[in-house]
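Listed below, chain by chain, are the residues.
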Amino acid sequence: MDLLLTVAGISLAALGLIDMFHSLLHPSGKGYLSHLVLSGVWRASRATGHRLGSAVGPAAMVAVILLWVSLQTIGWALIYYPHIPGGFMYSPGVNPADYPDFAEAIYVSLVTLATLGFGDVVATDPWVRLASPLQGLTGFALLTAALTWFTQVYPPLSRRRALALELKGLADVNYAKALGEVDHAVATRVLDTLTAQLEKIRIDFTQYTESYYFQEEDPDLSLARQLPYALALRDAADASPVKELQLSARRISLALEQLAKKLQEDFVARDKNSEDVFAAYANDHGQGTQA
C-alpha cells in the first residue's frame, strides 16, 4: 500500500511538471491539462454571454496555476503520507496525534512547496530528507513559471491589437475600394506588411495558446472583429490587373488560410473556408463581423 501511494504521488507530481513543460517550454505551447482548463473556463464565460469580459483570460490562467499547485501538493502529500508521523520530528508543543495523518501530509507538502521552512516539522527518514529539497526546487520553479507565463502573454496580445487597429484604420478609409487608385508600390507594401503581421499572429496562437482566451471589450482592438477586412483587401488586390498586387494577394491569401487552419485545429469548429472560420472566431469572442 505504501508503495502504491508513493507511485501515485510521483505520477501526479510528474503529470503536473509535464503539463507545465508543454505549456511554457514546448514549441507547441499547449499542455493537455492546461488546455482543458483554459477552454473550460472560456466555455463557461461564453455560456454566460462573456460577462467576465476581459477578465476571462487572466482568470483561466490563474485556474491553471492552481491546478499545477494542487497536483504538486497532493502528489507530494501522497509521497509523505506513509511516513507520517514516524518519519518526521516535531517541535515541542506540536502533537502529531492531534491532526489526521493525511491532513498533516498536506501541510508538510504545502510548507515545503512554498519553501517556508517553519521548522515545526522536520523529516528524519533518510529518503524523505532527500526528497523534500526536490519539492522545494519544484515550488521555486512553479513560482517562476507562473510569473513568466503572465509576462509572456502580453506581447502576443499587443501584436494582435496592433493588427486589429491597422485593419480598422484601413476599413475606415475604405482602402479595399480605393486600392486600384493607390500607388502600386505603396499598396503592395501595405498588403505585404499585413501578411507579415498575420504570420506572426499564427505563430502566437501556436506558441502562446492561452492568448486566444483573452477577450477584447473594445471592438477596435478585437482582431476577431476586424480580421474579415483582410479578406476584402485580398479580394480587391486579386481582382486588380496589376501583377504586383496579384502576387501580394496570393501571399496574404496563403497567410489567411494558414491562420484559419490554426484556428480550426485548436479553437473553433471546422468550417469549409476561411470566411466561415473567421466568422466562428468572431462569434466565439462575442464580436460582430466588420461590415
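Residues numbered from 1 in each chain as written. Predicted model: local features only at pLDDT ≥ 70, side-chain atom pairs only at ≥ 80, totals over all residues. Heavy atoms only, no water.

**Regarding the overall build of the protein chain**
Put simply, the rule is: Numbering of helices and strands starts at the N terminus; helices are DSSP runs of H or I of at least 4 residues and strands are runs of E of at least 2. Note on method: radius of gyration uses C-alpha positions; expected globular size equals 2.2 Å times residues raised to 0.38. Think of it in three bands: with a 1.4 Å probe and only protein chains considered, a residue is buried below 20% of the maximum accessible area for its type, exposed above 50%, and partly exposed in between. For accessible areas, the Shrake-Rupley method is used with a probe of radius 1.4 Å. Any residue's cover is judged against the shown protein chains and nothing else. A positive count includes Lys and Arg, and a negative count includes Asp and Glu. His and the chain ends are not counted in either. Positions of charges follow a simple convention, taking NZ of Lys, CZ of Arg, CG of Asp or CD of Glu.
A count of helical and extended segments in the protein chain gives 11 helices and 2 strands. For 291 residues, the compact-globule formula gives about 19 Å, and the C-alpha radius of gyration of the protein chain, at 26 Å, lies well above that figure. Each principal axis of the C-alpha atoms in the protein chain carries an extent, and together these give about 85 × 35 × 30 Å. Counting across all 291 residues of the protein chain, residues that qualify as buried make up 46%. Carbon together with sulfur atoms contributes 62% to the accessible area of the protein chain, which is approximately 14400 Å² in total. Taken as two groups, the 22 positive and 29 negative side-chain charges of the protein chain have centres that lie 8 Å from each other.

**Considerations on the pattern of salt bridges**
The cut-off we apply is this: By convention in these notes, a salt bridge is any Lys or Arg side-chain nitrogen within 4 Å of a carboxyl oxygen on Asp or Glu.
All chains considered together, the criterion is met by 10 salt bridges. We note a salt bridge from Asp235 to Arg234, for which the minimum N-O separation is 3.0 Å.

**Examining a nonpolar patch on the surface**
Selection rule: Exposure above 30% relative accessible area and no salt bridge define the residues that can form patches, which grow by joining like charges within 9 Å and nonpolar side chains of Val, Leu, Ile, Met, Phe, Trp and Tyr within 5 Å.
A contiguous nonpolar surface patch, about 240 Å² in accessible area, is contributed by Ile74, Tyr81 and Phe102. Secondary-structure assignment places Phe102 in helix H4 (residues 101-113).

**Remarks on helix H1 (residues 2-24)**
To keep things clear, this is the line we draw: Take the residue count of a helix, subtract one, and multiply by 1.5 Å to get its expected span. Pairs of residues are marked as contacts when any of their non-hydrogen atoms sit within 4.5 Å.
In this model H1 runs 33 Å from its N-terminal to its C-terminal C-alpha over 23 residues, within 8% of the 33 Å that 1.5 Å per residue would give. Of the positions making up H1, those classed as buried are Leu5, Gly9, Ala13, Gly16, Asp19, Met20, Ser23 and Leu24. The elements touched by buried residues of H1 are helix H2 (32-47), helix H3 (56-80) and helix H5 (126-152).

**Quick word on the side chain of Arg160**
Basically, it comes down to this: We call two N or O atoms a polar contact when they sit within 3.5 Å, provided that within protein one can donate a hydrogen and the other can accept it, with sequence-adjacent residues counted only if both atoms are side-chain atoms.
Assignment of secondary structure puts Arg160 in helix H6 (residues 154-172). Of the side chains with opposite charge, Glu216 comes closest to the buried, unpaired Arg160, at an N-O distance of 4.3 Å. Polar side-chain contacts of Arg160 include one of 2.9 Å to the backbone oxygen of Phe214. Excluding residues that lie within four positions of it along the chain, Arg160 makes contacts with Ile201, Phe205, Ser211, Tyr212, Phe214, Glu216, Leu223 and Tyr281.

**Overview of the packing of H3 against H5**
Short version of the rule: Only the stretch in contact is used when a helix axis is fitted, and all axes are lines through C-alpha atoms; the angle between N-to-C directions ranges over 0 to 180 degrees. Angles below 35 degrees are treated as roughly parallel, those above 145 as roughly antiparallel, those between 65 and 115 as roughly perpendicular, and all remaining angles as oblique. Here the term charged refers only to Asp, Glu, Lys and Arg, the term nonpolar to Ala, Val, Leu, Ile, Met, Phe, Trp, Tyr, Cys and Pro, and the term polar to all other amino acids, Gly among them.
Between H3 and H5, whose axes approach to 11 Å, the crossing angle comes to 175°. With respect to H5, the element H3 is oriented roughly antiparallel. Side by side, H3 and H5 meet where Pro58, Met61, Val62, Val64, Ile65, Trp68, Val69, Gln72, Trp76 and Tyr80 of the first sit next to Val128, Ala131, Ser132, Leu134, Gln135, Thr138, Leu142, Ala146, Trp149 and Phe150 of the second. Across the contact of H3 with H5, the residue classes break down as 16 nonpolar, 4 polar and no charged.

**Details of unusual backbone geometry**
Residue Pro85 follows Ile84 across a cis peptide bond; omega there is -5°. Structurally, the position occupied by Pro85 is in the loop between H3 and strand E1 (88-90). The phi angle at Thr115 is positive, at roughly 55°, despite the residue not being glycine. Notably, Asn174 is not glycine yet its phi reads approximately 55°, a positive angle. Within the secondary structure layout, Asn174 lies in the loop between H6 and helix H7 (184-207).

**So, the packing of aromatic side chains**
Heads up, the condition is: The criterion for an aromatic pair is that two Phe, Tyr or Trp rings (for Trp, the six-membered ring) have centres within 6.5 Å, with stacked assigned to planes under 30 degrees apart, edge-to-face to planes over 60 apart and tilted to the rest.
Scanning the entire structure with this criterion turns up 14 aromatic pairs. Here Trp42 and Tyr213 contribute two aromatic rings whose centre-to-centre distance is 5.8 Å and whose plane-to-plane angle is 65°, an arrangement assigned as edge-to-face. Here Trp42 is found in helix H2, whereas its partner Tyr213 is found in the loop between H7 and helix H8 (223-226), with 171 residues between them in sequence. In terms of burial, Trp42 and Tyr213 fall into one category: buried.

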